[in-house]
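Each chain, letter by letter, is given below.
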Amino acid sequence: MLRVEDINVYYGAIHAIKGISLDVPDGEIVALIGSNGAGKSTTLRTISGLMRPKTGRIMYDGEDITGVPAHKIVGKGLCQVPEGRHVFANMTVMENLELGAYLRSDKDGIAKDMEAVFEKFPRLLERKDQISGTLSGGEQQMLAMARALMSRPKLLLLDEPSMGLAPLLVKEIFNIIKEINAGGTTVLLVEQNANMALSIADKAYVLETGRITLSGTAAELASSEEVRKAYLGG
Amino acid sequence: MDTLLQQFFQQLINGISLGSIYALIALGYTMIYGIIKLINFAHGDIYMIGAYFGFFATTQLGLGFIPAIILSMAGAAIVGIIIERVAYRPMRNAPRIAILITAIGVSFFLEYSMILLVSPQPRTFPAVFTPTVYHFGPLVANSQQLVILISALILMVALSYIVNSTKAGKAMRAVSFDADAARLMGINIDRVISMTFALGSALAAAGGVLVGVYYNSIDPLMGMMPGLKAFVAAVLGGIGIIPGAMMGGIILGVVEAMVSGFLSSTFRDAAAFGILILILLYKPAGLLGKNVREKV
Ligand SMILES: Nc1ncnc2c1ncn2[C@@H]1O[C@H](COP(=O)(O)OP(=O)(O)OP(=O)(O)O)[C@@H](O)[C@H]1O
Ligand SMILES: [Mg+2]
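Quick caveat, the model's predicted, so the values are computed rather than measured. (Residues numbered from 1 in each chain as written. Chains lettered and ligands numbered in written order. Predicted model: local features only at pLDDT ≥ 70, side-chain atom pairs only at ≥ 80, totals over all residues. Heavy atoms only, no water.)

Overview of the overall build of chain A
- Per the secondary structure count, chain A includes 10 helices and 10 strands.
- Here the C-alpha radius of gyration of chain A, 17 Å, is about what a compact globule of 234 residues would show, namely 17 Å.
- On the principal axes, the C-alpha backbone points of chain A span a range of 45 × 40 × 30 Å.
- Counting all 234 residues of chain A, 53% fall into the buried class.
- The long-range share in chain A, meaning contacts at least 24 apart out of those at least 6 apart in sequence, stands at 66%.
- Carbon and sulfur atoms make up 49% of the accessible area of chain A, which amounts to about 9900 Å² in all.
- Taken as two groups, the 26 positive and 29 negative side-chain charges of chain A have centres that lie 4 Å from each other. (Helix = DSSP H or I, 4+ residues; strand = E, 2+ residues; numbered from the N terminus. Rg over C-alpha atoms; globule rule 2.2 N^0.38 Å. Buried < 20%, exposed > 50% of the residue type's maximum accessible area, 1.4 Å probe, protein only. Contact = heavy atoms within 4.5 Å. Areas by Shrake-Rupley, 256 points an atom, 1.4 Å probe, with all protein chains shown as cover. Lys, Arg positive; Asp, Glu negative; His and termini not counted. Charge placed at Lys NZ, Arg CZ, Asp CG, Glu CD.)

Considering the site of ligand 1
Residue and element names in this part refer to chain A.
- Looking at ligand 1, there are 14 residues lining it, with Asn36, Lys40, Ser41, Thr42 and Glu83 nearest.
- With respect to ligand 1, the side chain of Asn36 contributes an N or O atom lying 2.7 Å from an oxygen atom.
- Considered on its own, ligand 1 offers 630 Å² of accessible surface; in the complex 62% of this is hidden by protein.
- Where the shell around ligand 1 is concerned, the elements lending two or more residues are strand 2 (14-24) and helix 1 (40-47).
- It is helix 1 that provides the largest number of residues to the shell around ligand 1, a total of 3 residues.
- Of the residues assigned to the shell around ligand 1, the class counts are 4 nonpolar, 7 polar and 3 charged. (Near = heavy atom within 4 Å. Polar contact = N/O pair within 3.5 Å; in protein donor to acceptor, adjacent residues only side chain to side chain. Nonpolar A, V, L, I, M, F, W, Y, C, P; charged D, E, K, R; others polar.)

Here we look at the sheet that holds strand 4 (residues 55-60) of chain A
All names here are of chain A.
- Taken in spatial order, the 4 strands make up an open sheet running 2-1-4-5, and their pairing is antiparallel. Whereas interior strands pair on both sides, the edge strands pair on one side only; in this sheet they are strand 2 and strand 5 (63-64).
- Contacts from helix 1 reach strand 1 (2-11), strand 2 and strand 4 within the one sheet, and its direction differs from that of strand 1 by about 115 degrees. (Pairing = 2+ DSSP bridges. Axes fitted to C-alpha atoms, helices over the stretch in contact; angles between N-to-C directions.)

Some details on helix 5 (residues 143-165) of chain B
- When the terminal C-alpha atoms of helix 5 of chain B are compared, their 32 Å separation across 23 residues agrees well with the 33 Å that a helix rising 1.5 Å per residue should span.
- Residues B:Ser143, B:Gln144, B:Gln145, B:Val147, B:Ile148, B:Ser151, B:Ala152, B:Leu155, B:Met156, B:Leu159 and B:Val163 constitute the buried set of helix 5 of chain B. (Expected span 1.5 Å × (residues − 1).)

Brief notes about the coordination of the magnesium ion (ligand 2)
Residue and element names in this part refer to chain A.
- Every protein donor of the magnesium ion (ligand 2) is accounted for by Ser41 (OG) and Glu83 (OE), and the metal-donor separations fall at 1.9 Å. Linking Ser41 in helix 1 with Glu83 in the loop between strand 6 (78-81) and helix 3 (93-100), this pair joins segments that are 42 residues apart in sequence.
- Of the residues examined, Glu83 reaches a relative accessible area of 32% and is grouped as partly exposed. (Donors = N, O, S within 2.8 Å, 3.2 Å for Na, K, Ca; no water.)

Overview of the pairing of strand 10 (residues 211-217) of chain A
Residues and elements named next belong to chain A.
- Where strand 9 (residues 203-208) meets strand 10, 6 bridges bridge the pair, whose relative direction is antiparallel. Looking at the pairing, Leu207 lines up with Ile212 of strand 10.
- As consecutive antiparallel partners, strand 9 and strand 10 are separated by 2 residues, and within that stretch Thr209 has a phi angle of approximately 35 degrees, a positive value.

Considerations on unusual backbone geometry
Residues and elements named next belong to chain A.
- Its identity is not glycine, yet Asp6 carries a phi of approximately 50 degrees, on the positive side.
- Looking at the element boundaries, Asp6 is found in strand 1.
- For Asp6, a relative accessible area of 43% translates into the label partly exposed.

A word on a nonpolar patch on the surface
All names here are of chain B.
- Judged by side-chain polarity, Leu4, Leu5, Phe8, Phe9, Phe262, Leu263 and Phe267 come together as a nonpolar surface patch covering roughly 670 Å² of accessible area.
- Looking at the nonpolar patch, the elements with two or more residues in it are helix 1 (2-36) and helix 10 (242-263).
- Counting residues per element, the nonpolar patch draws most heavily on helix 1, which supplies 4 residues.
- In this structure, Phe262 sits in helix 10.
- Note on Phe262: relative accessible area 35%, which makes it partly exposed. (Patch = residues over 30% accessible without salt bridge, like charges linked within 9 Å, V, L, I, M, F, W, Y side chains within 5 Å. Salt bridge = Lys/Arg side-chain N within 4 Å of Asp/Glu carboxyl O.)

Notes on the packing of aromatic side chains
- One pass over the structure, following the stated rule, counts 11 aromatic pairs over all chains.
- Measuring from centroid to centroid gives 4.8 Å for B:Tyr214 and B:Tyr215, while their planes differ by 50 degrees, and the two rings are tilted.
- Clustering of aromatic rings is evident, with ring pairs tying together B:Tyr52, B:Phe55, B:Phe56 and B:Phe125.
- Its guanidinium or amino end placed over the ring of A:Tyr10, A:Lys54 lies 4.5 Å from that ring's centre, counting from NZ or CZ.
- One Lys or Arg, B:Lys167, reaches over the ring of A:Tyr102 and ends 5.3 Å from the middle of that ring. (Phe/Tyr/Trp six-rings, centres within 6.5 Å; stacked < 30°, edge-to-face > 60°. Lys NZ or Arg CZ within 6 Å of the ring centre and 35° of its normal.)

Topic: the side chain of A:Asn181
Residues and elements named next belong to chain A.
- Note on placement: Asn181 falls in helix 7 (residues 167-182).
- A distance of 3.4 Å separates the side chain of Asn181 from the backbone oxygen of Glu28, its partner in a polar contact.
- When residues no more than four places from it in sequence are discounted, the contact partners of Asn181 are Gly27, Glu28, Ile29, Thr186 and Val187.

A look at the interface of chain B and chain A
- Across the contact, 17 residues belong to chain B and 25 residues belong to chain A.
- Here chain B meets chain A over a buried area of about 1900 Å², counting both sides, of which 63% is carbon and sulfur.
- At the junction of chain B with chain A, the criterion picks out 3 salt bridges.
- The interface formed by chain B and chain A contains 7 residue pairs in polar contact (both at pLDDT 80 or more). (Buried area = accessible area lost by both parts, 1.4 Å probe.)

Things to note about the packing of helix 2 (residues 43-59) of chain B against helix 8 (residues 189-215) of chain B
All names here are of chain B.
- Running from amino to carboxyl end, helix 2 crosses helix 8 at an angle of 55 degrees, the nearest separation of the two axes being 7 Å. Of the possible angle classes, the one that applies to helix 2 and helix 8 is oblique. As for the relative orientation of helix 2 and helix 8, their crossing is right-handed in sense. Within the contact between the two elements, helix 2 uses His43, Ile46, Tyr47, Gly50, Ala51 and Gly54 and helix 8 uses Gly200, Ser201, Ala204, Ala205, Gly207, Gly208, Val209 and Val211. (Parallel < 35°, antiparallel > 145°, perpendicular 65-115°, else oblique. Left-handed = near helix turned anticlockwise from the far one by under 90°.)

Notes on the sheet that holds strand 10 of chain A
All names here are of chain A.
- Spatial strand order, 6-7-8-3-9-10: 6 strands in an open sheet with mixed pairing. Each edge of the open sheet carries a strand with a single partner, namely strand 6 and strand 10. Strand-to-strand twist in this sheet, taken as the mean axis angle between neighbours without regard to direction, amounts to 15 degrees.
- When strand 3 (residues 29-33) meets strand 9, the two strands line up parallel, connected through 4 bridges. From the neighbouring strand, Ile33 faces strand 9, where its bridge partner is Val206.

Regarding the side chain of A:His71
- Tracing the chain through its elements places A:His71 in helix 2 (residues 70-75).
- Here the side chain of A:His71 touches B:Asn188 through a polar contact of 3.5 Å, side chain to side chain.
- Not counting the four nearest positions on each side in its chain, A:His71 is found in contact with A:Leu103, B:Arg183, B:Gly186, B:Ile187 and B:Asn188.

As structure tokens, this is what we get:
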């Protein structure tokens, strides 16, 4: 579904991504783990078209999307929930969801998806007319995910969905991710919470200062000595 | 006492009509600032160009007021889009000061191109309305003032509708709040920015035509002072905040009218910039703004 081929990404003179390749097969959950500043968000931003790689290629659905602007990539069914949620805090929950469906014009389909999303996130339904800046962190994360689902993504990029959430809520969010994946959406999941990420992923990559240092099935990585030491707390 | 009160209300009427013109210009300032964080110093000149479009539409094409103002708004919208494309878009990622200097350059470019094209001589804007004076008890309002008020009101209601209730308006608000998040929704921010320039320029052009109708005289440098005043109005209401620009414009117009009426019209401009200094000192985010510090 998605193949990242040897990309190099810079912020000015800073070489943030140093020749990364990733493969995200159709229908799977692939985790990308690594510590602060490893380059996880930069990788997702590059896939989404918010940044351009200096070299390398990004293939999605059999098509080269390197350098395609972000707003066009969304239209191809590749949607990202960015780190820190980035909900439109000055707008209501409903307006945020409508913006998620910005590129669609099938009114009936949008209405149906809206219902489905509220079913998945009942808390949002209760708050649909609330200004989203006043939602709790967990609710904002749900809104950001719900908003992304409104675009009917085939591939969903999630950047640290568990960030700053209480353990119970993290569980809830991860269950929803599994549910979304079971519904046919491929997921590329960036996480610092390696434990949780590996527990739901099929496959995983470990990123360290701009390079992939390890990769394999989630089970392999979860039992690997190095990963346990560095990311799973022993 | 009675005459004092009467004068107060009279100046209120004058102030609100002048203020609605400031408001129309201030709206463009504030919308453009909201979306690309640029103080578009060329905005007052768009208002001037709008006045000339209105002038030629009435004198050369023989159009009436409503078709002339519509034509002028459309023309200015196109000019606004072109300016953004040619001058500001290439500077999108440049330091802010560079863009600000570009805006000043665009302002001079427009002013002196117009001097070249239409001559520096002031032109007499044709009287598109038979000047009628209406009496409301002891107060008088002329037909121009009523036209200004009604036109400004219609335009502001239309703008509020576009911004709050249409898909394009929602996209505008999204881009102005968080451009990257908006791109991740599939919003083409270049298009939204063009639309913002178009809307802002159209409103300024309407202001220009209305001023032509009101004062009967237009010239290529007419945009300088109202441009600055509208900037004050936008800052007064809280730059980037649409209702703030409307409010700031009206307040500024009323203050100026009161100062001219009760003190002397020589203090008028001083009052406007005095307001700017006060607001920057005591409420830098503007009347409707939240007080967060931001570096310009
Ligand atoms: N806008 C920027 N300008 C310059 N350098 C940046 C910028 N954004 C990120 N970087 C640098 O790029 C590197 C990778 O950052 P990135 O945000 O991708 O890391 P991350 O793995 O997502 O970290 P975290 O887990 O903290 O979110 C870091 O060294 C960071 O300092
Ligand atoms: Mg990150």
